[in-house]
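One letter stands for each residue in the lines below.
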Amino acid sequence: MLFLQFLTTGVVTGCFLILATIGFSLTRRVEGFLNIAHAELLGVSAFATWWLNAEMGWHVVLASTAAIVFTSVTGLFVARLIYDPIRERGPAVLLITSTGVAFVIGGVIDALIGTGIRTLDIGLATSYEPFGIRITNYQLMVVALAVIVSVSLALFLNRTRTGLAIRAMSGNPELAASRGIDVRTTSRATWLLSSGLAGLAGVMLAVLATLTTDLPFAQILQVLAVAILAGLGSLYAVILSGLIVGIAMDVSVYWIPAGYRPLVAFSVVILVLLFRPEGLAGTRAA
Amino acid sequence: MNWLQIFVTVVTLGSIFGVVTLSLNLQYARGGMINFGIVAYFAVGAYAYAIFTQPAPQGLDQYKFGFGWPWPVALVAAATAALLFAAITGWPTLRLRGEYLALTTFAFAEVFHSFLLNERRIGNGTVGLANVKRPISDWGPIEEKYVFAGAAALLMIATLLVFRRLLRSPYGRALDAIRDDEVAALAAGKSVQRMRRQVFLISAIPIGAAGGLYAMFTTLAQPSLFTAEVTFIIWIALVLGGERSVYGAVAGTFGLIFFEEVVRTWPFETVRSAQIAASVEHIVTGLLFIAVLRYQPFDRIAERMKATR
């Protein structure tokens, strides 16, 4: 029974990780580099929601919507200002630069928010106990949102012009450009989308956890784990890997101390990189 | 503000971290390896030093090993431990390139950090090992802090000289050849894999020794001292000083440590303003980092100097 409880929590963790990783993976596919600062965008959104909700007294739905839009625009702004001018220097320099960006965003959040723990003004979670397994309404919401986001993202990428353009660019930018796709507009759309997804994940973080300013950056470790397992690119594999990492971390608590959760996530990373560097989905982009 | 105290601290910490930056410079600028887990090798050195000098566990101690050996042996052990750790982590990871290598080394560092946090039998878990042994407390008329600053500076200068000698030898030219054109170097009969591994191992030795010295200086080996932030700070120092020059790496580290020390010792009126200053320090560091990566001023100066010579 306890095992099933851990499994359920694992699914919830996995769904959160899916939300947090999809945007990261999308950036990696289209822009071609690992944006370490993605995790700090979760923080931007989480603390914007907190400020609007708990300090300004906005309703949580309104506050989170505003926070997501703000995060989305922040992401695009950072990309235009910092990443675009050094694009031709290659993924390694972009990766290193993004750690600098993470420093700056993290510092700004620290300066504005300060230390201490923060919670949203949304009331305590209601818990249900079907078949003796405890799950809260907030946890169910994370699962539902992960499903909705995955499905609508799949539809977006397969059915709309912009979505198809994004996929074309992730496959082969030069070819996409020569076929008449506006590379700059598509790139901007991708930044808005991936940062917006980071924003959504940030709201979920604020709903599920008590916020501290170092919490968002701690998520990058798990996000990286999921992204690598998924093969640094494929979107469908992100869903599977998110669940695998989430469940592996929470179920491991059944046997080993809870402090080892990040260790479990990273053992997954190391094993994958050593034995199957191309990730679950292989070299073929989904 | 006690500027003399700041100066001594900057020399000590700047030299200790300067050793790490120099080693990273060797790995990245010469070997072409992105090591995003450099802090782990530093931590291994610090913990090895602490474990070898600590007395056997007693009372509330949760650690299992404490050898109580003299400090010179422990310092050698620190360097050896880092070398061994590099051998263990380098063997599987060095097959990977670029960002994949960056991620694996990052992952190894995180696993190691998490291990130190949770495995109380190694170093008391989160509490860490306190009262790490310092050599002797009585240095006659010279104050202990100057001895430390001198020792750290010596270690850094030794590292610098050895690396410079190495890089100016035929071996160093072979390294540059591999970095610039791997296929050509391979065709000329250089084993790329083996040389990359050698550089990785060689550069771990001074990092371990610096870690041991750091544990000696802070008298503490605690997981919270060895977070990913240290890795980023070292990277920032390296980039600030210009990737291609050994002196730049040292200058970058000293500059950054000086900046941090000034912010840390500045007499702030309230706790809140000290907090804000610490965050602003992060922001400024990050901005400098981004700007230097983008405009590469030091690389340009170095090129110009080379051109006029």
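All figures in this text were calculated on a predicted structure; none of them were measured in a lab.

Calculation notes
Numbering of residues starts from 1 in each chain and follows the order in which that chain's sequence is written. Chains and ligands are labelled sequentially in the order written, the chains with letters from A and the ligands with numbers from 1. The model is predicted, so local features are restricted to residues of pLDDT at least 70 and side-chain atom pairs to those at 80 or more, both for listing and for counting; the totals for chains, interfaces and linings are taken over all residues. Calculated side-chain values reflect all of the structure's heavy atoms, with hydrogen atoms and water omitted. We count a stretch as a helix when DSSP gives it H or I for four or more residues in a row; a strand needs E for two or more, and each element gets its number in order from the N terminus. It is over C-alpha atoms that the radius of gyration is taken, and the globule rule equals 2.2 Å times the number of residues to the power 0.38. Relative accessibility decides the category of a residue: with a 1.4 Å probe and only protein chains considered, values under 20% of the type maximum give buried, values over 50% give exposed, and everything between is partly exposed. We call two residues in contact whenever any of their non-hydrogen atoms come within 4.5 Å of each other. Computed by Shrake-Rupley with a 1.4 Å probe, the accessible areas treat only the displayed protein chains as cover when residues are assessed. The positive count covers Lys and Arg only, the negative count covers Asp and Glu only, and His and the chain ends enter neither. By convention, the point assigned to a charge is CZ for Arg, NZ for Lys, CD for Glu and CG for Asp. As a working definition, buried area equals the accessible area (1.4 Å probe) given up by two parts on being put together, with both sides summed. Criterion for a salt bridge: a side-chain nitrogen of Lys or Arg within 4 Å of a carboxyl oxygen of Asp or Glu. Residue polarity follows a fixed list, in which Ala, Val, Leu, Ile, Met, Phe, Trp, Tyr, Cys and Pro are nonpolar, Asp, Glu, Lys and Arg are charged, and the others, Gly among them, are polar. Note on geometry: axes are C-alpha line fits, over the in-contact stretch for helices, and angles between N-to-C directions span 0 to 180 degrees. Should the near helix be turned anticlockwise from the far one by less than a right angle, the crossing is left-handed, and should it be turned clockwise, the crossing is right-handed. Patch members must show over 30% relative accessible area and no salt bridge, and they are joined within 9 Å when carrying like charges or within 5 Å when they are nonpolar side chains of Val, Leu, Ile, Met, Phe, Trp or Tyr. The predictor reports its confidence for every residue as pLDDT, a score running from 0 up to 100. Working definition of a nonpolar core: buried Ala, Val, Leu, Ile, Met, Phe, Trp, Tyr and Cys residues. They are joined through side-chain atoms within 4.5 Å. Expected helix span is computed as 1.5 Å times (number of residues minus one). Here the aromatic set is Phe, Tyr and Trp, taking the six-membered ring for Trp, and pairing holds for ring centres within 6.5 Å; pairs whose planes are under 30 degrees apart are stacked, those over 60 apart are edge-to-face, and all others are tilted.

(A) Expanded view of the overall build of chain A. Secondary structure assignment for chain A yields 11 helices and two strands. Reading the helices (α) and strands (β) of chain A from amino to carboxyl end gives α-α-α-α-β-β-α-α-α-α-α-α-α. Taken over C-alpha atoms, the radius of gyration comes to 19 Å for chain A, in line with the 19 Å a tight globule of 286 residues would show. Along the longest, intermediate and shortest principal axes, the C-alpha atoms of chain A span 60 × 45 × 35 Å. Out of the 286 residues in chain A, the part that is buried amounts to 56%. Once local pairs closer than 6 in sequence are excluded, the contacts in chain A between residues at least 24 apart make up 74%. For chain A, the exposed surface amounts to about 12000 Å²; the carbon and sulfur share of it is 67%. Computed over 16 positive and 13 negative side-chain charges, the separation of the two mean positions in chain A equals 12 Å.

(B) Spotlight on the overall build of chain B. Counting its secondary structure elements, chain B contains 13 helices and two strands. Scaling as 2.2 N^0.38, a compact globule of 309 residues should have a C-alpha radius of gyration of about 19 Å, and chain B matches this with 20 Å. Taken along the three principal axes of its C-alpha coordinates, chain B extends 60 × 45 × 40 Å. Expressed as a percentage of contacts within chain B between residues at least 6 apart in sequence, the contacts between residues at least 24 apart total 78%. Split by element, the accessible area of chain B, about 14100 Å² in all, is 65% carbon and sulfur. Computed over 26 positive and 19 negative side-chain charges, the separation of the two mean positions in chain B equals 8 Å.

(C) Quick peek at the interface of chain A and chain B. Every contact between the two is made by 43 residues of chain A and, on the other side, 39 residues of chain B. In total, about 3500 Å² of surface goes out of reach between chain A and chain B, with carbon and sulfur atoms giving 75% of it. For the pair chain A and chain B, the interface holds zero salt bridges. When contributions to the side of chain A that touches chain B are tallied by element, the ones reaching two or more residues are α3 (60-83), α4 (91-113), α9 (215-230) and α11 (261-275) of chain A. Top contributing element to the side of chain A that touches chain B by residue count: α4 of chain A, with 17 residues. Within the side of chain A that touches chain B, the residues separate by chemical class into 32 nonpolar, eight polar and three charged.

(D) How the structure looks around the environment of G106 of chain A. Mapped onto the elements of the fold, G106 of chain A is located in helix α4. Taking the C-alpha atoms as reference points, G106 of chain A and E40 of chain A, 66 residues apart in sequence, are found 6.2 Å from one another.

(E) Just the pattern of salt bridges, in detail. Residue and element names in this part refer to chain A. Within this structure, the stated rule accounts for three salt bridges over all chains. Put simply, R80 and D84 hold a salt bridge, and the shortest N to O gap is 3.9 Å. Classification of R80 as partly exposed rests on a relative accessible area of 40%. For D84, a relative accessible area of 23% corresponds to the partly exposed category. Via salt bridges that share partners, E31, R80, D84 and R87 belong to a single interconnected network.

(F) Region of the structure containing the packing of α4 of chain A against helix α10 (residues 228-240) of chain B. Two elements in contact, α4 of chain A and α10 of chain B, have axes whose closest approach is 11 Å; the angle formed by their N-to-C orientations is 115°. Here α4 of chain A and α10 of chain B pass one another in a crossing that is left-handed. For the pair α4 of chain A and α10 of chain B, contact is made by I96, T99 and F103 of chain A and by E229, F232, I233, W235 and I236 of chain B, respectively. The residue makeup of the contact of α4 of chain A with α10 of chain B, split by class, is six nonpolar, one polar and one charged.

(G) Representation of a nonpolar patch on the surface within the structure. Residue and element names in this part refer to chain A. Together, M1, L2, F3, L4, Y254, W255 and I256 make up an exposed nonpolar region whose accessible area comes to about 730 Å². Inspection of the secondary structure assignment puts L2 in helix α1 (residues 2-31). Classification of L2 as exposed rests on a relative accessible area of 52%.

(H) Here's a closer look at the confidence of the model for chain B. Predicted confidence across chain B gives a mean pLDDT of 82, with 91% of residues reaching 70 or more. Within chain B, the lowest mean pLDDT, 66, falls on helix α13 (residues 297-308) of chain B, and the highest, 91, falls on helix α2 (residues 38-53) of chain B.

(I) View of the nonpolar core. By size, the foremost hydrophobic cluster in this structure holds 176 residues, and its most contacted members are F16 and Y83 of chain A together with F42 and W235 of chain B. Top contributing element to this core by residue count: α2 of chain B, with 13 residues. Each residue touching W235 of chain B, except ones within four places of it in the same chain, is listed here: I96 of chain A together with L24, Y28, I34, N35, F36 and F289 of chain B.

(J) Here's a closer look at the packing of α11 of chain A against helix α4 (residues 98-118) of chain B. Where α11 of chain A contacts α4 of chain B, the two axes come as close as 9 Å, and the packing angle between them is 150°. Read as a crossing pair, α11 of chain A and α4 of chain B show a hand that is left-handed. Contacts from P262, L263, F266, S267, V269, I270 and L273 of chain A of α11 of chain A reach α4 of chain B at Y100, L103, T104, A107, F108, E110, V111, S114 and F115 of chain B.

(K) Up close: the side chain of S64 of chain A. All names here are of chain A. Counting through the fold element by element, S64 comes out in helix α3. Exposure remark for S64: the relative accessible area of 12% places this residue in the buried category. When near neighbours in sequence (up to four residues on either side) are disregarded, S64 contacts T49 and V203.

(L) The arrangement of helix α10 (residues 235-252) of chain A in detail. Residues and elements named next belong to chain A. Compared with the 26 Å implied by 1.5 Å per residue over 18 residues, the 26 Å span of α10 between its first and last C-alpha is a close match. Listed in full, the buried residues belonging to α10 are L235, A237, V238, S241, G242, V245, G246, M249, D250, V251 and S252. Where α10 is buried, its residues meet α1, α5 (137-159), α9 and α11.

(M) Structural context of the packing of aromatic side chains. Scanning all chains against the criterion turns up 22 aromatic pairs over all chains. Relative to W191 of chain A, the ring of F33 of chain A has its centre 6.2 Å away and its plane inclined at 50°; by these criteria the two rings are tilted. Of the two residues, F33 of chain A sits in the loop between α1 and α2 (38-55) while W191 of chain A sits in helix α8 (residues 183-208), which places them 158 residues apart along the sequence. Each member of the pair, F33 of chain A together with W191 of chain A, is buried. Site record: aromatic cluster; members linked through ring pairs are F103 of chain A together with Y28, F36, F106, F232 and W235 of chain B.

(N) Spotlight on the environment of G212 of chain B. Residues and elements named next belong to chain B. Locating G212 in the fold gives a position in helix α9 (residues 192-218). With relative accessibility at 0%, the residue G212 sits in the buried group. Put simply, G212 and W71 are 141 residues apart on the chain and 9.5 Å apart in space, counted from C-alpha to C-alpha. Once residues within four sequence positions are removed from consideration, G212 is found in contact with G45, A46, Y49, L75 and A78.

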